[in-house]
Number of protein chains: 6
Amino acid sequence: MDLRNIKQGDLAVLGLPVDHNSSFMTGPAMGPQRMREALHCGSANLTCENGHDLGNDKRWKDLGDLVFEDTNTAIAEIETRAGEIIATGAKLLSIGGDHSVSAPLLRAHSKRYPDLNILHFDAHSDLYDEMQGNRDSHACPFARAMETGRVKRLVQVGIRTLNKHQQEQAEKFGVEIIAMKDWHPGITFNFDGPVYLSVDLDVFDPAFAPGVSHHEPGGMSVRDLINTLHKLDTDLIGADIVELNPHRDLVGMTAMVAAKMTKEISSKLLAG
Amino acid sequence: MDLRNIKQGDLAVLGLPVDHNSSFMTGPAMGPQRMREALHCGSANLTCENGHDLGNDKRWKDLGDLVFEDTNTAIAEIETRAGEIIATGAKLLSIGGDHSVSAPLLRAHSKRYPDLNILHFDAHSDLYDEMQGNRDSHACPFARAMETGRVKRLVQVGIRTLNKHQQEQAEKFGVEIIAMKDWHPGITFNFDGPVYLSVDLDVFDPAFAPGVSHHEPGGMSVRDLINTLHKLDTDLIGADIVELNPHRDLVGMTAMVAAKMTKEISSKLLAG
Amino acid sequence: MDLRNIKQGDLAVLGLPVDHNSSFMTGPAMGPQRMREALHCGSANLTCENGHDLGNDKRWKDLGDLVFEDTNTAIAEIETRAGEIIATGAKLLSIGGDHSVSAPLLRAHSKRYPDLNILHFDAHSDLYDEMQGNRDSHACPFARAMETGRVKRLVQVGIRTLNKHQQEQAEKFGVEIIAMKDWHPGITFNFDGPVYLSVDLDVFDPAFAPGVSHHEPGGMSVRDLINTLHKLDTDLIGADIVELNPHRDLVGMTAMVAAKMTKEISSKLLAG
Amino acid sequence: MDLRNIKQGDLAVLGLPVDHNSSFMTGPAMGPQRMREALHCGSANLTCENGHDLGNDKRWKDLGDLVFEDTNTAIAEIETRAGEIIATGAKLLSIGGDHSVSAPLLRAHSKRYPDLNILHFDAHSDLYDEMQGNRDSHACPFARAMETGRVKRLVQVGIRTLNKHQQEQAEKFGVEIIAMKDWHPGITFNFDGPVYLSVDLDVFDPAFAPGVSHHEPGGMSVRDLINTLHKLDTDLIGADIVELNPHRDLVGMTAMVAAKMTKEISSKLLAG
Amino acid sequence: MDLRNIKQGDLAVLGLPVDHNSSFMTGPAMGPQRMREALHCGSANLTCENGHDLGNDKRWKDLGDLVFEDTNTAIAEIETRAGEIIATGAKLLSIGGDHSVSAPLLRAHSKRYPDLNILHFDAHSDLYDEMQGNRDSHACPFARAMETGRVKRLVQVGIRTLNKHQQEQAEKFGVEIIAMKDWHPGITFNFDGPVYLSVDLDVFDPAFAPGVSHHEPGGMSVRDLINTLHKLDTDLIGADIVELNPHRDLVGMTAMVAAKMTKEISSKLLAG
Amino acid sequence: MDLRNIKQGDLAVLGLPVDHNSSFMTGPAMGPQRMREALHCGSANLTCENGHDLGNDKRWKDLGDLVFEDTNTAIAEIETRAGEIIATGAKLLSIGGDHSVSAPLLRAHSKRYPDLNILHFDAHSDLYDEMQGNRDSHACPFARAMETGRVKRLVQVGIRTLNKHQQEQAEKFGVEIIAMKDWHPGITFNFDGPVYLSVDLDVFDPAFAPGVSHHEPGGMSVRDLINTLHKLDTDLIGADIVELNPHRDLVGMTAMVAAKMTKEISSKLLAG
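How each quantity is defined
- Residues numbered from 1 in each chain as written.
- Chains lettered and ligands numbered in written order.
- Predicted model: local features only at pLDDT ≥ 70, side-chain atom pairs only at ≥ 80, totals over all residues.
- Heavy atoms only, no water.
- Buried < 20%, exposed > 50% of the residue type's maximum accessible area, 1.4 Å probe, protein only.
- Helix = DSSP H or I, 4+ residues; strand = E, 2+ residues; numbered from the N terminus.
- Contact = heavy atoms within 4.5 Å.
- Least-squares fit on C-alpha atoms with pLDDT ≥ 70 in both.
- UniProt positions renumbered as here; feature names shortened; annotations may be inferred.
- Pairing = 2+ DSSP bridges.
- Axes fitted to C-alpha atoms, helices over the stretch in contact; angles between N-to-C directions.
- Buried area = accessible area lost by both parts, 1.4 Å probe.
- Salt bridge = Lys/Arg side-chain N within 4 Å of Asp/Glu carboxyl O.
- Polar contact = N/O pair within 3.5 Å; in protein donor to acceptor, adjacent residues only side chain to side chain.
- Parallel < 35°, antiparallel > 145°, perpendicular 65-115°, else oblique.
- Nonpolar A, V, L, I, M, F, W, Y, C, P; charged D, E, K, R; others polar.
- Phe/Tyr/Trp six-rings, centres within 6.5 Å; stacked < 30°, edge-to-face > 60°.
- Left-handed = near helix turned anticlockwise from the far one by under 90°.
- Right-handed = clockwise from strand over helix to strand, strands pointing away.

Under the annotation held in an unreviewed UniProt entry, chain A carries the name Agmatinase and is attributed to Kiloniella litopenaei.

In structure tokens:
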């Protein structure tokens, strides 16, 4: 990871090829590569829906994939590297990997932004205290984030699998949940202070994003989320897009969804 | 089929591995097994969207798959066994098979509930008098049901293939049809008396449920149907979920849709 | 192509097996055959959602696929043959091929209808002046159409990839664009004079139509477009349905979408 | 079916779109169309491995698909139509459908050739007396053929599923079986008199031909069978290629295998 | 796991739904269920190639899947349960799971058979001392087995990925390796004393068995292995079939290969 | 393309992302990236079957993908760049792209090696004088190569589609063809002087390599070709591996075949 070209005002895109904390299915470690392939695929272009052409915006910089020294320390390494990136004054958009990456990313961001808000799109709350004995599991990142005590608000949108334990965790941490059954396109979000955005691709109905490890029917459409982002009027300071699993993405459709989200979120981060 | 553990207030889940009455494509006989695999898959849990945890509800009982004595008598056997189950005071939710199973299931239920209402979600009316010379065809169950004279109302939702013959049948039997072109999420249903629910997975757009024999584009989203069920305020007394075809379900997405419906409908039946 | 049976009031369906002007992926040349297979598939019927049974409408005539004399002259041949067909007084619905076919089809129609309106559903504007040095590219047909000077209005719906060059082209030609982000089901269209309809299957979200060359997430649902057509109250005088790519259509779902559109648009053309 | 162009010395290719006698999975009715698509696909040519160019051989004639008057009489119709074709002095190669078509085809051929030999490549003996109460089942055609008393020898090659009942049938009818476990590429076949060739695509290992209803691993390679045909020095008088099931043929590989067999067998039939 | 019905002379089939020791891709935990589905699929029968009908052999008993008390103790539980089964005098055939199961299975068997031979078919030697810090990894079982000191001979067949570390391990443990490049169908195996058979489905070329986690081209055909088993004249005392990964098995072909191996190996174990 | 690190004795691996000269299906331009993904995939390692570990061989150098200045000059650019690479004394192995790349690669090599032999594995002769008016077509590279007059021998292996025109071309140029029907594993090759190796992945049966544009059944197994390479005792001076088409490679199997060939051929080139 070479930070020499990264400076204040940039948006650094960083691939996180990890999935060893996934509870059901590996695969997301292959995500960053496929997202780049889709981003630069000849079938599309780099212009966002608002007309912003990322291909001509010199602030948009791809740092490539993080190379880990050791799987066992991967979570800690992510926190360190993320800290180094945002210390430059650049924003960070991480792509790929499973959702376990959000815990260290949020620790790094919450140190810089002590009044951090989190806007989290997902089918799952990921609030488990531990999963299969693993507190770094991709089922736990938001429990870890809330334990830092440095998160002002956590707003979760699209949830449709809340069990008793997670409901208790949500209450304990004061998490605001907009369940998928209560969601509608007219909902808007207002935040006071910086906002970190975490998008788990399984917030989408599997029809739109079959290439994820956990198929949970009844989700959002891609349009729903894009339009929500277009309307979002906040101080977006960082984001991650997680859980692309190429093993289930037979014709590359989900990689293209992840690439589309990468473009739209990049434009949002660069505008902010 | 062992009924010794089934009693008043229970919900018996029964697999119906049949597809010999399918007119175009076999495969639904493999449905019940794949629906169970999806229900118990490590990628999800047994908590419904209303917070009801089926895994902890001792009234939710899986009877396994019905073993038929003879393919030729399968339809009659379904009626007999369904009658035995509901005679215990338990409710019945059948999973899998093609839509031909609804005829005997409805005969069994209409004997116990003489003022039966039927709420039927489907791309097709399934009102044929006969199909390819077969009156037990999966294209005919609601003609058979109406002929019993014991059905008060049949309300069909999501229909988008109504031809002349079926339109005549609908008029003859007084069927109420909410065609897919006229459907919108705000529609609510009011019934007087007991309601039987029949869900053909092809009511969904093939985008959401590719694993069905008859792809009919322009259907509902999974969210549409789940929200409709959540709003449903009726005396639900039985249900079936039919037409899962694993041959077209390459990455198991439709089995997961069927499992989701099984969970949500189970909760509804147990609440009633 | 045998026109002896075609006469005033008929709707001629013509397959256009071409894809040599595709910029990213070939395949659409196989589209017409697969669309016919889906149209006549035993899993569906030929009755449209309004009850119109095409199977019993003698005006609905399939001319088969156009056989080209030479790939290099294919675009010109399409214009000539289309002209011959509409000269009979019949309307023309072309099926399959890539979007390059719309340029010659529109030239033929604009000669007959000098005040032509175009209603165009697509993820892309296809307004490039040239693509990879090819002015017949499937990325250019609407630039070619506007250059004829015989098009009154071009209304594009569902666009979500507009880059700077195409935005300039749109301004230059006075194209009206309803971007996908601004689209909603309540939109209606009013035209003065004859309307030609061009449907690129990638206007749909790839969830509904994975079998296209250019996956662009965030598109319409099939229901959205069908309902829009049902509401359309115009003088529809011709249409094309393009960009079906069987290479990505693993279980035939997109061919069925194309067949459904063929039916609904045929009924609309025959009603007009 | 128009026989006016068929004459002595020709090879008539006839599609048989039937699968209602299939015991496990429908789909082969779609086979003939996909085989033609593959035959004429732009990715290959019509020259056989021996250099014979079918595209330039005017004796090679495609009659299209047989249109049945009634599903219930389809088996009888096949026998009648096949009889009419071979009465012209042309040979017949039927393509597609399930294996139930071989019974009527063999009845027609055995009437004309009373000393008929049959060379049959298959994973299964298809010697059941009946299957699921159906004597026309695709599991029974060779029992039916042997009951005519007009078959001199039936040689089955590639069998790997022989159960007790079929073993008894084989003994009763004097069938010669070369089980797959005993087969090797050096085997040659000698027949006295005319030979009818029946190729069930599941004789191939599913690796080579996944698009069949009955996956039976441990089969032949495509090369094995082609080389066996090249070496075959007999009086070949007719043939069928059956059991292509497009539902399992995700990228068209098996249709291409069926097309290749169609070419090689056609050349063999035209040479004889 | 109910052993009351298991006795001397029986063959107990046990599913092992584990994959948490897989280094690259999870999925094999779903294997046992899919193998049973394939075994009992209506498209095939239970007669082996030697005519042995397992469906009528009362010694062939399915114990279902092992239910683990804790993922962390799964390896130890397998050893205990396997020991209990073979203590009855029955033989054990385990199905499914990843290759980590062979270590505990071999420990259990080597206790009862101190002069154990192992015949191991695989693309990989699985002789790593540890993998990613895990000595129970599916890359290590044969290192673990050799360390017991109770294995007389380990013969590995089909290997095509031997790196330096594993070559050193092979030399250290005196492993006999028949690399795939040196294998040919004429090879026969002679063992003195009891033989345990371990079949990793990736010994097959991915063409035959795409549903495995590690695609390693250049492998055996299914016929190659079946014929090798048919010729095997040894005292076979136990076996496992591992590494079926349903996530990559789009049309169920590999499950059918695993089921075929289950049948052929069962017959061999019951004959011994 | 940075040649500063390339020197005498090295093997330079160069990706060629081109497919605009493909006659039937685009896709091979995506090949190089997928081949690298497979090469470095966590499911395999970089040790060749002869024990040679490419991961530890500093002479094995990946130059990345060639970036073209203009599609129209791509063929000329390949020739220039290849010439620059081999001028360093390094050997060149090109990966990906369609077969059109062999023409410029062979021009570059034949200039340095005036007595060049070519060993060409393919289902097709690729000897067309022109295809669809394009003399750079992927159907023509060996006609172009022979026209240079600097090729001593061209030996083609695995051919199974030779039509009249190509047979005439073969005779005209003195090409030696070992058709697939005549091939057997015992064949060995002897060359006098330097040998260039060209491997079109469609030489394999589509069972082994479904991810190619032209499915031609009846091909080699991967083992067949690997063993042939192992036996090859020649002065190998360069090679290409072409025609990987990711659009048809649903679970990445063919990319892995291409990666395996890359490894085995790399080892051969580095040994020579």
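Novice: Is there a simple way to think about helix α3 (residues 102–112) of chain B in this case?
Specialist: Think of an α-helix as turning once every 3.6 residues; residues three or four places apart then point the same way. Residue and element names in this part refer to chain B. Here α3 lies mainly inside the structure; 8 of its 11 residues are buried. Among the residues of α3, those classed as buried are Ser102, Ala103, Pro104, Leu105, Leu106, Ala108, His109 and Ser110. Packed against the buried residues of α3 are α2 (74–87), β3 (91–95), β4 (116–121), α4 (141–147), β7 (194–200) and β8 (235–242).

Novice: What am I meant to see in the relation of the copies chain A and chain B here?
Specialist: Put simply, the two copies of the chain differ by a rotation about an axis and a shift along that axis. Superposing chain A onto chain B takes a rotation of 120° combined with a translation of 0.0 Å along the rotation axis, leaving an RMSD of 0.0 Å. Interpreted geometrically, this transformation is the action of a three-fold axis. Across chain A, the smallest distance between a C-alpha and the rotation axis is recorded for alanine 207 of chain A, namely 3.1 Å. When the interface residues of chain A are mapped onto chain B, a mere 15% of them are again interface residues, pointing to distinct binding faces.

Novice: Mind showing me how you'd approach the UniProt feature "binding site: Mn(2+) 2" (unreviewed entry) in chain A here?
Specialist: Residues and elements named next belong to chain A. Within this structure's numbering, the places UniProt gives as "binding site: Mn(2+) 2" (unreviewed entry) are His124 and Asp126. A residue is classified by how much of its surface remains accessible, and histidine 124, at 12% relative accessible area, is buried. Histidine 124 has contacts with Ile159, Thr161, Asp202, His214 and Glu216, leaving out every residue within four places of it along the chain. Assignment of secondary structure puts aspartate 126 in the loop between β4 (116–121) and α4 (141–147). Aspartate 126 sits in the buried class, given a relative accessible area of 6%.

Novice: Mind showing me how you'd approach the sheet that holds strand β3 (residues 91–95) of chain D here?
Specialist: Strand pairing within a sheet occurs via backbone hydrogen bonds; the two strands may be parallel or antiparallel. Residues and elements named next belong to chain D. Taken in spatial order, the 8 strands of this open sheet run β2-β1-β3-β8-β7-β4-β5-β6, and their pairing is parallel. Unpaired on one side and paired on the other, β2 (60–65) and β6 (176–179) mark the two borders of the sheet. Taken over all neighbouring pairs, the strand axes of this sheet differ in orientation by 15° on average, direction set aside. Of the pairings in the sheet, the one linking strand β5 (residues 151–159) to β6 comprises 4 bridges and is parallel in character.

Novice: Before we go on, may I ask you to explain the interface of chain A and chain B in this structure?
Specialist: Quite often, the size of an interface is put as the accessible area lost when its parts meet. Residue-level contacts link 20 residues of chain A with 21 residues of chain B. In this assembly, chain A packs against chain B so that about 1,700 Å² is buried in total across both faces, 62% of it on carbon and sulfur atoms. Looking at the side of chain A facing chain B, the largest losses of area belong to Lys181, His215 and Pro217 of chain A, adding up to 32% of the total buried there. In this assembly, chain A and chain B are joined by 1 salt bridge. The closest approach of N and O atoms between glutamate 216 of chain A and lysine 260 of chain B, which form a salt bridge, is 2.6 Å. For the interface between chain A and chain B, the tally reads 5 residue pairs in polar contact (both at pLDDT 80 or more).

Novice: Could you clarify how one ought to interpret the relation of the copies chain F and chain A in this entry?
Specialist: Mapping chain F onto chain A calls for a screw motion: a turn of 180° about the axis and a shift of 0.0 Å along it, with 0.0 Å RMSD after fitting. Expressed as a symmetry operation, the mapping of one chain copy onto the other fits a two-fold axis. Distance from the rotation axis, computed per C-alpha, reaches its smallest value in chain F at leucine 250 of chain F: 2.5 Å. Counting the interface residues of chain F, we find that 100% of their copies in chain A are interface residues as well, pointing to one common contact surface.

Novice: I'm lost on the packing of helix α1 (residues 31–39) of chain C against helix α7 (residues 253–271) of chain C in this one. Help?
Specialist: Pairs of packed helices are described in terms of their axes, by the angle between the two and the distance that separates them. Residues and elements named next belong to chain C. Packing of α1 against α7 leaves a shortest axis separation of 8 Å and a crossing angle of 75°. By the angle between their axes, α1 is roughly perpendicular relative to α7. Contacts between α1 and α7 involve Arg34, Met35, Ala38 and Leu39 from the former and Ala255, Met256, Ala258, Ala259, Thr262 and Lys263 from the latter. Split into classes, the residues belonging to the contact of α1 with α7 amount to 7 nonpolar, 1 polar and 2 charged.

Novice: Could you clarify how one ought to interpret the packing of aromatic side chains in this entry?
Specialist: Two descriptors summarise a pair of aromatic rings, namely the distance from one centre to the other and the angle between the planes of the rings. Per the counting criterion, the structure on display carries 12 aromatic pairs over all chains. On the numbers, 6.0 Å between centres and 75° between planes, the contact of phenylalanine 208 of chain A with phenylalanine 208 of chain B is edge-to-face. Taken together, the positions of phenylalanine 208 of chain A in the loop between β7 (194–200) and α6 (222–231) and phenylalanine 208 of chain B in the loop between β7 and α6 (222–231) put the pair across two chains. Like phenylalanine 208 of chain B, phenylalanine 208 of chain A is buried. Through a chain of ring-to-ring contacts, three or more aromatic side chains come together here, namely Phe208 of chain A, Phe208 of chain B together with Phe208 of chain C.

Novice: Would you mind going over the packing of helix α2 (residues 74–87) of chain A against helix α3 (residues 102–112) of chain A with me for this structure?
Specialist: Residues and elements named next belong to chain A. The interhelical angle for the contact between α2 and α3, taken along N-to-C directions, is 35°, at an axis separation of 8 Å. As for the relative orientation of α2 and α3, their crossing is right-handed in sense. Where α2 approaches α3, its residues Ile75, Ile78, Glu79, Ala82, Gly83, Ile86 and Ala87 are matched on the opposing element by Pro104, Leu105, Arg107, Ala108, His109, Lys111 and Arg112. Residue composition of the contact of α2 with α3, by class: 8 nonpolar, 2 polar and 4 charged.

Novice: Which parts of the structure should I look at to understand the pattern of salt bridges?
Specialist: Any two side chains of opposite charge can pair, given that their charged atoms come close. A complete count under the given rule lists 119 salt bridges over all chains for this structure. One salt bridge in this structure joins arginine 4 of chain D and aspartate 2 of chain D, with 2.6 Å as the shortest N-O distance. Residue classification places arginine 4 of chain D among the exposed residues on the basis of a relative accessible area of 73%. The partner of lysine 164 of chain D in a salt bridge is glutamate 168 of chain D, with the nearest N and O atoms 3.5 Å apart. Here lysine 164 of chain D and its partner glutamate 168 of chain D are both found in helix α5 (residues 164–173), 4 residues apart, which amounts to about one turn of the helix. A relative accessible area of 64% means that lysine 164 of chain D is categorised as exposed. Its relative accessible area of 42% is what places glutamate 168 of chain D among the partly exposed residues. By sharing partners, the salt bridges in this structure join Glu49, Arg223 and Lys260 of chain A together with Glu216 of chain C into a single network.

Novice: Help me understand the pairing of strand β8 (residues 235–242) of chain D in this model?
Specialist: Each regular strand displays side chains that alternate between the two surfaces of the sheet. Residues and elements named next belong to chain D. Of all 8 residues making up β8, 7 are buried, and the element is well covered by its neighbours. Pairing analysis gives 4 bridges linking β3 to β8, with the strands arranged parallel. Bridge pairing in β8 places serine 94 opposite aspartate 240. Where strand β7 (residues 194–200) lies against β8, 7 bridges are found, and the strand directions are parallel. Each residue of the ladder has a partner; that of proline 194, found in β8, is aspartate 235. Handedness of the β7-helix α6 (residues 222–231)-β8 crossover: right-handed.

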